[in-house]
Amino acid sequence: PFLIMPGTLESKLNRTKKDESEKDALTPGEYRAMLAMLQRDPSVKGLQNYALFRFGVVSGFRAHELSKLTWAGISDVDNVYHITISGKGSKIATILVEDREAVAACQRAFRARFNRIPKPEEYVFHGLQTGRIGKARGMTPSGIGVRVKDIATAARTAGAMRQTLVFTPHTMRHSCATLLLGWGVDIKSVKDHLRHSDIATTMIYLHTQ
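Residue positions are given per chain, counting from 1 as you read along its sequence in written order. Local features in this predicted model are restricted to residues whose pLDDT is 70 or higher, and side-chain atom pairs enter the listing and the counts only when it is 80 or higher, whereas totals over whole chains, interfaces and linings include all residues. The basis for the side-chain values is all heavy atoms of the structure; hydrogens and waters are excluded.

Q: Just checking my understanding: could you explain helix 9 (residues 187-194) for this structure?
A: Helical periodicity: at 3.6 residues per turn, an α-helix aligns residues three or four positions apart in one direction. Listing the buried residues of helix 9 in full gives Ile187, Val190, Lys191, His193 and Leu194. Down the axis, helix 9 shows its buried residues gathered within 165 degrees of arc, on one side only. Residues count as neighbours in contact if any of their non-hydrogen atoms are within 4.5 Å of one another. Going along the chain from the N terminus, every DSSP run of H or I of four or more residues is numbered as a helix, and every run of E of two or more is numbered as a strand. Contact partners of the buried residues in helix 9: helix 4 (44-59), strand 3 (92-97), helix 8 (169-183) and helix 10 (199-203). Near the N-terminus of helix 9, the side chain that reaches the backbone nitrogen of Lys188, with its oxygen 3.2 Å away, is that of Asp186. Two residues or fewer past helix 9, Arg195 is found with a positive phi of approximately 65 degrees. Remark: exposure states derive from per-residue accessible area (1.4 Å probe, protein chains only) relative to the maximum for the residue type, with buried under 20%, exposed over 50%, and partly exposed in between. Throughout, the arc means the angular range of directions from the helix axis out to the C-beta atoms. As used in this structure description, the phrase polar contact means that two N or O atoms lie within 3.5 Å; if the pair is within protein, one of them must be able to donate a hydrogen and the other to accept it, and residues adjacent in sequence are counted only when both atoms belong to side chains.

Given below as structure tokens:
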């Protein structure tokens, strides 16, 4: 649903809005353009950036949730990934991710970084540095923020994203909601996917309809 959008609806979503929440989310066109831009970098960092961006938007996870995600939390059930994390307030939650490429990208990035398959207890997202005893360190929330900032800078330079969009890890979460609602997913399902405690929080994205 993140890559296919009727032309009329995409045109509607691309219109300039005065609502601040719209400014804090990617349009479908920007999402596709950024994926295409990131795919052109075959380096280890490039593969990591593509995986972080695609999975971040598809999952709608917060930065601290992305940093804590381990491979043990990803299960393939009936061709749909079940992703289990410790979320806000240390609540354990599971969401469904049908975009198999998002997880495949994470797998490719891990293999490129370590030249092996991951162990269940290992983190999904890693930086390029190695710890004192030679073990790879998972990315911290602040490290994820730096990567996302770098991705945004490259996207603006390449013309894949508007210059005025303030892009942070939370923008990926906002984009997840906006894209799902634009595709026609009902607001209750979007609320459950983002794990909002109150549907009023999810309602702010209805301006895209």
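So, next bit.
Q: Got a minute to help me understand the nonpolar core in this structure?
A: Inside soluble globular proteins, nonpolar side chains tend to come together where they are buried. With 45 residues, the main nonpolar core has Met34, Phe53, Phe55, Leu69, Ile83, Phe125 and Phe167 as its most contacted residues. Those elements that place two or more of their residues in this core are helix 3 (28-39), helix 4, helix 5 (63-68), strand 2 (80-86), strand 3, helix 6 (100-114), helix 7 (141-158) and helix 8. For Met34, the residues in contact, after removing those within four places along its chain, are Leu26, Phe53, Ile151, Ala155, Ala160, Met161 and Phe167. Buried Ala, Val, Leu, Ile, Met, Phe, Trp, Tyr and Cys residues form a nonpolar core when they are joined through side-chain atoms within 4.5 Å. Counting eight residues, the second-largest nonpolar core is a separate cluster that includes Ala177, Ile187, Val190 and Leu194.

Q: I would appreciate a short explanation of the pairing of strand 1 (residues 74-77) in the present structure.
A: On a regular strand, each side chain points to the face opposite its neighbour's, so the side chains alternate between the two faces of the sheet. In this structure, strand 1 lies alongside strand 2, joined through four bridges in antiparallel fashion. Within the sheet, the bridge partner assigned to Asp76 lies in strand 2 and is Tyr81. Only strands that DSSP links by at least two bridges are regarded as paired with each other. Two successive antiparallel strands, strand 1 and strand 2, enclose a turn made up of two residues, where Asp78 displays a positive phi of approximately 55 degrees.

Q: Sorry, what's going on with the pairing of strand 2 here?
A: By the bridge criterion, six bridges tie strand 2 to strand 3 in an arrangement that is antiparallel. Along strand 3, the bridge assignment pairs His82 with Leu96.

Q: Please clarify how helix 4 should be interpreted in this entry.
A: Each residue after the first adds 1.5 Å to the expected span of a helix. The terminal C-alpha atoms of helix 4 lie 22 Å apart, and with 16 residues this matches the ideal 22 Å at 1.5 Å per residue to within 8%. The element helix 4 is extensively covered by neighbouring structure, given that 13 of its 16 residues are classed as buried. Phi turns positive one or two residues past the end of helix 4, at Gly60, with a value near 70 degrees.

Q: Looking at this structure, I do not really get unusual backbone geometry. What am I missing?
A: Most peptide bonds take the trans form, and the phi angle of most residues other than glycine is negative. Backbone geometry places Asn79, a non-glycine residue, at a positive phi of 70 degrees. Positioned with a positive phi, Asn115 is a non-glycine residue whose angle comes to about 60 degrees. Mapped onto the elements of the fold, Asn115 is located in the loop between helix 6 and strand 4 (126-130). For Asn115, a relative accessible area of 71% puts it in the exposed group.

Keep in mind that these numbers describe shape and distance, not what the molecule does.
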